[in-house]
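Read off the chains here:
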Amino acid sequence: MKVLVAVKRVVDYNVKVRVKADHSGVDLANVKMSMNPFCEIAVEEAVRLKEKGVASEIVVVSIGPAQAQEQLRTALALGADRAVLVETAEELNSLAVAKLLKAVVDKEQPQLVLLGKQAIDSDNNQTGQMLAALTGYAQGTFASKLELEGSKAKVTREIDGGLQTVELALPAIVTTDLRLNEPRYASLPNIMKAKKKPLETVTPDALGVSTASTVKTVKVEAPTGRQAGIKVKSVAELVEKLKNEAKVI
Amino acid sequence: MAILVIAEHNNAVLGAATLNTVAAAQAIGGDIHVLVAGQNCAAVAEAAAKVAGVSKVLVADEAAYAHQLPENVAPLIVGLAKSYSHVLAPATTNGKNYLPRVAALLDVDQISEIVAVESADTFKRPIYAGNAIATVQSGAPVKVITVRTTAFDAVPAEGGAAAIEAVAGQGDAGKSAFVGEELAQSDRPELSAARVVVSGGRGMQSAENFQLLYQLADKLGAAVGASRAAVDAGFAPNDMQVGQTGKIVAPELYVAVGISGAIQHLAGMKDSKVIVAINKDEEAPIFQVADYGLVADLFEAVPELAKQV
């Protein structure tokens, strides 16, 4: 079975971003960029499926600037077989990304598409569900367990009150949550080998997809900060403050 | 034009998140209708009809909607959406699951987790784990939005007298099936709606030590949460995770125990009214957002606190 994995290049999760002075966005100049952590989990899951003999080929796709090749090379070093970059300098909304992924799905015809549940920059949590809508496939979002049996996928999902298990007809879209797996690190020999694996670049135009959006960002501001309060010296003082000053207990 | 709010429920009880979502709809302004899609969910529809500010309740009652499977629920909402200016759902795991599917079928962008309504087409939402707030404007004919429930005060659950109207379902799409669920059983309040939350981090050192937090929580009538570090370390299940990628909470009192205060954790709790931090590292970033900080060994401070409250 062919597995398609979508990955996004985002600000590294350790970076505390700053809003630009003109409120047009956040300052990404000279900031460390990485693969979105949930996408790393998606790549790892695909590699494990291949190691189990369930997946025959792993195609990894990213939509973003030329530099997103770095994240695709990382995915190739982790075990993906080949990569596709849909190159665009524009910052696209989830719907446009889903439309581009749909075009790639049409071409590649995977049985399973794995994505992260959410990118840690835009925090939208939309792309996988939108891709499922556009392809007409079933969706298993926020997955903490994935089992493939014949023409079905059994997905255990992280939901507000606990866990839910659903059975999906393949092909299907699965988005990853934290506990699905723990991603490995790429070894040096695999990083070297990844440089020789095929990486194809296409444009949204070549895929015949319009990336127009119905939403525009008017401005981006820093959140209203929270001031540090006081340090109390003892549990007794803490209880006194909570009772008499904050009046919350 | 009216606003359609999708109800959060379990076929028996109307979820509190619905009340916060109706509040967001009121901030937009217009007639508010609530859709209850479920199976044998008449009690939920009756509860929704009593919610203040709701003028009509639509009920789609059939087996295909029993577990809110997005493959079945999304086409139902899409069929109704064209008569509305806005479709709103709470940013629960349910809302996050089906609503982007609705937006894509309508060929419009979704605006996720709004925290403020500026006007009928302009909203604020957090990005980068809440380290920036974006103001976004939608030109979509139907504005599809999820609502961060902690940012909107719930409307009263009583006081309305809306008409209840049945709508025809669209059956099972045949793509997915519910297999089962394991719901955490707890007598404590629900994490995202609790008045007091006690959370533990990596400093708790083990799952067994979380008992200290449960004891404190029971004295305070609190829910118990955990940082991602504690979840990753296996000290607590993921449904207790508070943070950017877990639950967003804004209780009256948040007690962070052995939590350093990573960006992604702060994103989930910094709108709490009063924050208490207990940590032995006085340099821990959590103290920068805490109203009351106690630099102490949690294994001494927490039992002592449980004794004194």
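Residues numbered from 1 in each chain as written. Chains lettered and ligands numbered in written order. Predicted model: local features only at pLDDT ≥ 70, side-chain atom pairs only at ≥ 80, totals over all residues.

S.K.: Go over the overall build of chain A, please, and point to the residues and values.
M.R.: For chain A, the count of helices and strands is six helices and 13 strands. Taken along its principal axes, the extent of the C-alpha atoms in chain A is 65 × 45 × 40 Å. By the burial criterion, 48% of the 249 residues in chain A qualify as buried. (Helix = DSSP H or I, 4+ residues; strand = E, 2+ residues; numbered from the N terminus. Buried ≥ 20, exposed ≤ 12 C-beta atoms within 10 Å, placed from the backbone.)

S.K.: Account for helix H6 (residues 235-244) of chain A, naming residues and giving values.
M.R.: Of the positions making up H6 of chain A, those classed as buried are Val235, Leu238, Lys241 and Leu242 of chain A. Looking straight down H6 of chain A, one finds its buried side chains confined to an arc of 125°; they lie on one side. Away from its buried face, by an angle of more than 90 degrees, H6 of chain A presents the exposed residues Ala236 and Asn244 of chain A. Close packing links the buried residues of H6 of chain A with strand E13 (230-232) of chain A together with strand E15 (274-279), strand E16 (292-295) and helix H8 (298-308) of chain B. (Arc of directions from axis to C-beta. Contact = placed C-beta atoms within 7 Å.)

S.K.: Which residues make up the nonpolar core, and what are the values?
M.R.: Counting 192 residues, the largest nonpolar core has Val5, Val43 and Val60 of chain A together with Val36, Ala48, Val102 and Val276 of chain B as its most contacted members. Per-element accounting of this core gives the leading share, eight residues, to helix H3 (residues 94-108) of chain A. With residues near it in sequence (within four places) discarded, valine 5 of chain A still touches Ala42, Val43, Ala46, Ile58, Val60, Ala75, Ala80 and Leu114 of chain A. (Core = buried A, V, L, I, M, F, W, Y, C linked by C-beta atoms within 7 Å.)

S.K.: Outline helix H4 (residues 127-135) of chain A, listing residues and values.
M.R.: All names here are of chain A. Among the nine residues in H4, eight count as buried, and that is most of the element. Every buried residue of H4 is listed here: Thr127, Gly128, Gln129, Met130, Leu131, Ala132, Ala133 and Leu134. Glycine 136 occupies a position one or two residues after H4 and carries a positive phi of about 80°.

S.K.: Provide a residue-level description of the sheet that holds strand E10 (residues 172-176) of chain A, including the pertinent values.
M.R.: Strand order across the open sheet formed by 10 strands is E11(A)-E5(A)-E4(A)-E1(A)-E6(A)-E10(A)-E7(A)-E8(A)-E9(A)-E11(B), with mixed pairing between neighbours. Looking at the sheet topology across the chains shown, the edges are occupied by strand E11 (199-202) of chain A together with strand E11 (176-183) of chain B. When the angles between neighbouring strand axes are averaged without regard to direction, this sheet yields 30°. Contacts from helix H1 (residues 37-51) of chain A reach strand E1 (2-7), strand E4 (57-64), strand E6 (112-116), strand E7 (138-149) and E10 of chain A within the one sheet, and its direction differs from that of E6 of chain A by about 150°. (Pairing = 2+ DSSP bridges. Axes fitted to C-alpha atoms, helices over the stretch in contact; angles between N-to-C directions.)

S.K.: Outline unusual backbone geometry, supporting the account with residue identities and numerical values.
M.R.: Excluding glycine, most residues fall at negative phi; most peptide bonds, likewise, are trans. Of note, the amide linkage connecting leucine 170 of chain A to proline 171 of chain A takes the cis form, showing an omega dihedral of 0°. One can find proline 171 of chain A in the loop between strand E9 (162-169) and E10. Of note, the phi angle at alanine 129 of chain B is positive, near 55°, even though the residue is not glycine. Mapped onto the elements of the fold, alanine 129 of chain B is located in the loop between strand E7 (122-127) and strand E8 (132-138). Phi at glutamine 205 of chain B takes a positive value of approximately 70°, unusual for a residue other than glycine. For glutamine 205 of chain B, the position within the fold is in the loop between strand E12 (196-200) and helix H5 (210-220). Take glutamine 205 of chain B: there are 16 C-beta atoms within 10 Å of it, and that puts it in the partly exposed class.

S.K.: Which residues make up the interface of chain A and chain B, and what are the values?
M.R.: Much of the literature gives interface size as the accessible area that the parts lose upon coming together. At the interface, 66 residues of chain A touch 69 residues of chain B. A total of eight residues in the side of chain A that touches chain B trace back to one element, the largest contributor, which is E9 of chain A.

S.K.: Please provide a residue-by-residue account of the pairing of strand E4 (residues 84-90) of chain B, values included.
M.R.: Residue and element names in this part refer to chain B. Within E4, six of the seven residues are buried, which leaves it mostly tucked inside the rest of the structure. The pairing of E4 with strand E9 (residues 143-147) spans five bridges and is classified as parallel. Within E9, the position partnered with valine 87 by the bridge is valine 144.

S.K.: Which residues make up the environment of alanine 98 of chain A, and what are the values?
M.R.: Residue and element names in this part refer to chain A. Mapped onto the secondary structure, alanine 98 falls in helix H3. On the basis of neighbour count, alanine 98 is assigned to the buried category, with 29 C-beta atoms found within 10 Å. Along the primary structure alanine 98 and glycine 128 are separated by 30 residues, whereas in three dimensions their C-alpha atoms are 7.3 Å apart.

S.K.: Break down the environment of glutamate 181 of chain B for me, citing the residues and quoting the values.
M.R.: Take glutamate 181 of chain B: it is sitting in strand E11. On a C-alpha basis, the gap between glutamate 181 of chain B and serine 119 of chain B in space is 39 Å, while along the polypeptide they are 62 residues apart. Excluding anything up to four places from it in sequence, glutamate 181 of chain B contacts Gly162, Leu163, Gln164 and Thr165 of chain A.

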